[in-house]
Amino acid sequence: MLLVAYCVQDVYGEALGVIGGKMARLLSVEVAVGDFMGKQDVVTGRLIVYAPDGSYRFGFDRSVGGELSIEFIE
């Protein structure tokens, strides 16, 4: 399942993590948000993926076409 959500308000920083974590738990799916923990000021394709159990891991968006594909950093 892929759910794409848009917010009409500016949301950034730790608020993205709070929203991502809550959505993962409520919907019982993994939720990917832009990596707000990094020091970059531009979009880099880095993502944080939150799991329903509250854990998270980092990856890079490797999508081609309309299909989401994430390469995880081990």
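Below you will find a few notes about this structure.

Thresholds applied
- Residues numbered from 1 in each chain as written.
- Predicted model: local features only at pLDDT ≥ 70, side-chain atom pairs only at ≥ 80, totals over all residues.
- Heavy atoms only, no water.
- Helix = DSSP H or I, 4+ residues; strand = E, 2+ residues; numbered from the N terminus.
- Buried < 20%, exposed > 50% of the residue type's maximum accessible area, 1.4 Å probe, protein only.
- Salt bridge = Lys/Arg side-chain N within 4 Å of Asp/Glu carboxyl O.
- Pairing = 2+ DSSP bridges.

**Here we look at unusual backbone geometry**
Now for step 1: With a phi angle near 55°, Ser-28 is a residue other than glycine that sits in the positive phi range.
Now for step 2: With respect to the helices, strands and loops of the structure, Ser-28 is situated in the loop between helix 1 (14-27) and strand 1 (31-34).
Now for step 3: In this structure Ser-28 comes out as exposed when scored by relative accessible area, which is 55%.

**A few points about the pattern of salt bridges**
Pairing is possible between side chains that carry opposite charge, provided their charged atoms lie close to one another.
Now for step 1: Evaluation of the coordinates by the stated rule reveals three salt bridges.
Now for step 2: For Glu-71, the salt bridge identified is with Arg-62, shortest N-O distance 3.1 Å.

**As for the pairing of strand 2 (residues 46-50)**
Now for step 1: Most of strand 2 is tucked away, with four of its five residues classed as buried.
Now for step 2: Where strand 1 lies against strand 2, four bridges are found, and the strand directions are antiparallel. If you follow Val-33 over to strand 2, its bridge partner there is Ile-48.
Now for step 3: Judged from the five bridges that link them, strand 2 and strand 3 (residues 56-61) form a sheet pairing that is antiparallel. Looking at strand 3, one finds that Tyr-50 is bridged to Tyr-56.
Now for step 4: Between strand 2 and strand 3, which pair antiparallel one after the other, the connecting turn spans five residues, and Gly-54 there sits at a positive phi close to 95°.

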